[in-house]
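Architecture and fold: a report
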Amino acid sequence: MREASSKLIITIDGPAGVGKTTIGQMLAARLGLNYLDTGAMYRAVTWQALQSAVNLAPPNEAALVELGRNLNFVSRDATPEEATDERQYTVMLDGQDVSQQLRSPEVEKWVSVVAAVGPLRQEMVERQREIARQNAGIIMIGRDIGSVVLPDADLKIYLDASPEVRAVRRSRQKTSKTVAENAAEEARRNLEKRDQIDSQRTVSPMVIPEGALVIRTDHLNPQEVMAQIEAALTDWLP
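Since this is a predicted model, take the numbers as computed values, not measurements. (Residues numbered from 1 in each chain as written. Predicted model: local features only at pLDDT ≥ 70, side-chain atom pairs only at ≥ 80, totals over all residues. Heavy atoms only, no water.)

1. Some words on the overall build of the protein
Along its length, the protein carries 9 helices and 8 strands. Taking 18 Å as the expected radius of gyration for a compact globule of 238 residues, we find that the protein reaches 17 Å, a close match to that expectation. Along the longest, intermediate and shortest principal axes, the C-alpha atoms of the protein span 50 × 40 × 40 Å. Expressed as a percentage of its 238 residues, the buried residues of the protein come to 48%. Counting contacts in the protein only where the partners sit at least 6 residues apart, residues at least 24 apart contribute 72% of the total. Element-wise, carbon and sulfur atoms account for 50% of the exposed surface of the protein, whose accessible area totals about 11400 Å². For the protein, the distance from the average site of its 28 positive side-chain charges to the average site of its 33 negative ones is 2 Å. (Helix = DSSP H or I, 4+ residues; strand = E, 2+ residues; numbered from the N terminus. Rg over C-alpha atoms; globule rule 2.2 N^0.38 Å. Buried < 20%, exposed > 50% of the residue type's maximum accessible area, 1.4 Å probe, protein only. Contact = heavy atoms within 4.5 Å. Areas by Shrake-Rupley, 256 points an atom, 1.4 Å probe, with all protein chains shown as cover. Lys, Arg positive; Asp, Glu negative; His and termini not counted. Charge placed at Lys NZ, Arg CZ, Asp CG, Glu CD.)

2. Considerations on the sheet that holds strand β8 (residues 213–216)
Strands pair in a sheet through their backbones, by hydrogen bonds, and they do so in one of two ways: parallel or antiparallel. With parallel pairing, the 5 strands of this open sheet are ordered in space as β2-β6-β1-β7-β8. Pairing within the sheet leaves two strands with one partner each, and these edge strands are β2 (34–37) and β8. Neighbour-to-neighbour, the strand axes of this sheet turn through a mean angle of 20 degrees, independent of strand direction. Strand direction decides the pairing type here: strand β7 (residues 155–160) and β8, joined by 4 bridges, are parallel. Counterpart to aspartate 160 in the pairing with β8 is arginine 216. Against the sheet, helix α1 (residues 20–31) makes contact with β1 (9–13), β2, β6 (138–142) and β7, and its axis sits at roughly 165 degrees relative to β1, the strand it touches most. (Pairing = 2+ DSSP bridges. Axes fitted to C-alpha atoms, helices over the stretch in contact; angles between N-to-C directions.)

3. Quick word on the side chain of aspartate 13
If you trace the backbone, aspartate 13 turns up in strand β1. Reaching out from aspartate 13, the side chain makes a polar contact with the backbone nitrogen of aspartate 144 at a distance of 3.2 Å. Ignoring any residue separated from it by four or fewer positions in sequence, one finds aspartate 13 in contact with Lys20, Gly142, Arg143, Asp144, Ile145, Gly146, Ser147, Ile157, Tyr158, Leu159 and Pro209. (Polar contact = N/O pair within 3.5 Å; in protein donor to acceptor, adjacent residues only side chain to side chain.)

4. Overview of the environment of lysine 7
One can find lysine 7 in the segment before β1. Through-space distance from the C-alpha of lysine 7 to that of glutamate 86 is 31 Å; in sequence the pair is 79 residues apart. Ignoring any residue separated from it by four or fewer positions in sequence, one finds lysine 7 in contact with Ala132, Arg133, Asn135, Ala136, Gly137 and Asp154. A polar contact is formed between the side chain of lysine 7 and the backbone oxygen of alanine 132, at a distance of 3.1 Å.

5. Examining the layout of surface pockets
For the second largest pocket, the calculated volume is near 350 Å³. Lining the second largest pocket are 16 residues; nearest its centre among them are Asn34, Tyr35, Leu36, Ser75 and Arg76. Broken down by element, the lining of the second largest pocket gets its largest block of residues, 4 residues, from strand β3 (residues 73–76). Of the residues contributing to the lining of the second largest pocket, the split by class is 9 nonpolar, 4 polar and 3 charged. (1 Å grid on protein atoms, 1.4 Å probe; cavity = no way out; pocket = protein on both sides within 12 Å on 5 of 7 lines; lining within 4 Å. Points joined across faces, edges and corners; volume = space filled by probe spheres on them. Nonpolar A, V, L, I, M, F, W, Y, C, P; charged D, E, K, R; others polar.)

6. A look at helix α3 (residues 61–69)
All of the buried residues in α3 are Leu64, Val65, Leu67 and Gly68. Viewed along the axis of α3, the buried residues span an arc of 160 degrees, placing them on a single side of the element. Taken together, the buried residues of α3 touch α2 (39–51), α4 (105–115) and α5 (118–134). (Arc of directions from axis to C-beta.)

These figures capture arrangement, not role.
In structure tokens, the structure reads:
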């Protein structure tokens, strides 16, 4: 049996709506490790770009790289009070809580465009690797973590699900208070567009990392997904 503190590195990749954040948080609690949702970093740059009226069609690459280089980003678990708005974690930028802003429709619309900017991704990859080096073990989630950011991770996980299932999950997340009749269909279209951009971008496209444990979550609840991951982590579990 190994200790989780022996710099255990786990990556969780996959498209939106497959449960990466939920599983990442559960696994972090199980192993006593920190976790980072790297997607929040790209959302943060996107939000700052929108606030600064940076051109995104086409994207002003130099301005986006500058925003990424100076990103004063902190991600942490939400407090019980913060979690009342159904957030999964809290993101601070320059000391300001922007967790809700990062899930706005405008950020959702542009985040894959911003994340496809090669020089920005290179900047973010270095920052993410540095975060991993600074932690005595970490769970990092995103779309290119096991394939590009941390290819030598101890365990690489790729979660997947059908567009229909993911759309239903995402629409529930976004419309829990005001349910629109066409929420799932709109979510499906948005997800398919994001999948296309993420999988076809030139730099760090979304792929299944080599040697990854692939889990389809269509008909699995989080506990069932965790059971498969724990089976692969026998050496690290008490």
